[in-house]
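Single-letter residue listing:
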Amino acid sequence: MSLLARPAAPAPRPRPLAHWLFVVAALVFAIVIVGGVTRLTESGLSITEWKPIRGIIPPLNAAEWQAEFDNYKTIPQYAAFNLHMTLEGFKAIYFWEYLHRLLARGIGVVLATVMLVAWWRRAIPAGYGWRMVGIFALGGLQGAIGWWMVYSGLSARTEVSHIRLAVHLIAALLIFSALVWTALDLLRLHRYAAARPARLTRLGLAALLILGVQIMLGAFVAGLRAGYAFASWPKMGDDWFPAGGWNPALGLANLYDNPIVVQFLHRWWAWIALIAALAVARAAKAQASASGRATGPVHAVATLLVVQIGLGIATLLTGVDLHVAVAHQGIAVLLLGALLWAAHGLGSRKVS
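Below, the structure is looked at part by part.

Cut-offs applied
Residues numbered from 1 in each chain as written. Predicted model: local features only at pLDDT ≥ 70, side-chain atom pairs only at ≥ 80, totals over all residues. Heavy atoms only, no water. Phe/Tyr/Trp six-rings, centres within 6.5 Å; stacked < 30°, edge-to-face > 60°. Helix = DSSP H or I, 4+ residues; strand = E, 2+ residues; numbered from the N terminus. Lys NZ or Arg CZ within 6 Å of the ring centre and 35° of its normal. Buried < 20%, exposed > 50% of the residue type's maximum accessible area, 1.4 Å probe, protein only. Arc of directions from axis to C-beta. Contact = heavy atoms within 4.5 Å. Polar contact = N/O pair within 3.5 Å; in protein donor to acceptor, adjacent residues only side chain to side chain. Axes fitted to C-alpha atoms, helices over the stretch in contact; angles between N-to-C directions. Parallel < 35°, antiparallel > 145°, perpendicular 65-115°, else oblique. Nonpolar A, V, L, I, M, F, W, Y, C, P; charged D, E, K, R; others polar.

## With respect to the packing of aromatic side chains
Any two aromatic rings considered together are summarised by their centre-to-centre distance and by the angle between their planes. Scanning all chains against the criterion turns up 14 aromatic pairs. For the ring pair tryptophan 50 and tryptophan 147, a centre distance of 6.3 Å and an interplane angle of 10° mean the geometry is stacked. Of the two residues, tryptophan 50 is situated in the loop between helix H1 (14–40) and helix H2 (62–72) and tryptophan 147 in helix H5 (residues 129–151); the sequence distance between them amounts to 97 residues. Through a chain of ring-to-ring contacts, three or more aromatic side chains come together here, namely Trp65, Phe69, Tyr72, Tyr78, Phe90, Tyr94 and Tyr98. One cation-aromatic arrangement involves arginine 6 over tryptophan 119; the distance from NZ or CZ to the ring centre is 4.5 Å. Looking at lysine 73, its charged tip hangs above the ring of phenylalanine 69, at a distance of 4.5 Å from the centre.

## A look at H2
Where H2 is concerned, the buried positions are Trp65, Glu68, Phe69 and Tyr72. Seen along its axis, H2 keeps its buried residues to an arc of 100°; they face one direction. On the buried face of H2, the contacting elements are helix H3 (76–81) and helix H4 (87–120). One side-chain oxygen of the residue at the start of H2 lies 3.1 Å from the amide nitrogen of alanine 63, identifying that residue as asparagine 61.

## Description of the packing of H1 against H4
Orientation of H1 relative to H4, taken along the N-to-C sense of each, is 170°, at an axis distance of 9 Å. Classified by the angle between their axes, H1 and H4 sit roughly antiparallel to one another. When H1 is examined against H4, the residues Leu17, Trp20, Leu21, Val24, Leu27, Val28, Ala30, Ile31, Val34, Gly35, Val37 and Thr38 are found in contact with a partner set consisting of Trp96, Glu97, Leu99, His100, Leu103, Ala104, Ile107, Val110, Leu111, Val114 and Ala118. Classifying every residue of the contact of H1 with H4 by side-chain character gives 19 nonpolar, three polar and one charged.

Right, dumping it as structure tokens:
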């Protein structure tokens, strides 16, 4: 039979499909890293237009580069901070935003190709087609969210909205989570033909939501540049919470608009996230011991928690060093992946 011929009957191949979904998840991890660099280098507003198709081609000559630079000169960020920027300096920030958008397009192409080939070869197991379509739809929505975020910094602001930045990051991690969870389900289906998709237990859901809040707070910290407010730990300067740090005029908006309060929350919510993740790891360890399963996810969660807490402290003490801060964001995604792995094990039904 030709490789291009479509099988007459369904021929599910859960394992290869799972591996490809892990590849796409790795690409999402990469784009989150590049997104972090883009934010920390103030590069996100260097491309002022949304061209989903034509935008794949970067400026190719001096005139095109100058036109892009002139577009950047029309937004408030340039007037406020970069009046002395040279064309070479502009090219440096343009690179990160261009790479970010190029990766986004690449993820869409890879996922669409995987879906279409798997559909044509009738390799998608029953019940998983809708998941694939849903993940692809989330990817399309994420593109719109990305432009919605960038648009917020093109007129009245000198940076993108930190709220929209957080939505953009959370949406990326929802896609990452859906990819990882679906891939884990497919691997289990490969091992056990009668396996059903894992359910998300209440403990797993609670821990993932708590970690999600911590990641959202991290996005607020990045968007508000709140990491620069206090470069000390465990206290903020000389106090656990600095005098005058709460602005009565803001009310509850202090929780997401006040850099001091946001940094305080991000510091201490981290310990709640740690306790929740350890609770999942403990339950996963008990289940693994009882069933004879490997304890890989348990060790991954515990190790990444220690590394992540250390990187968070180091980010503060180094005054938000670019490399440390990006590593902190990257480990957060890996920790999410490990927690999904452990939670998936908790929710996997026994196969008789």
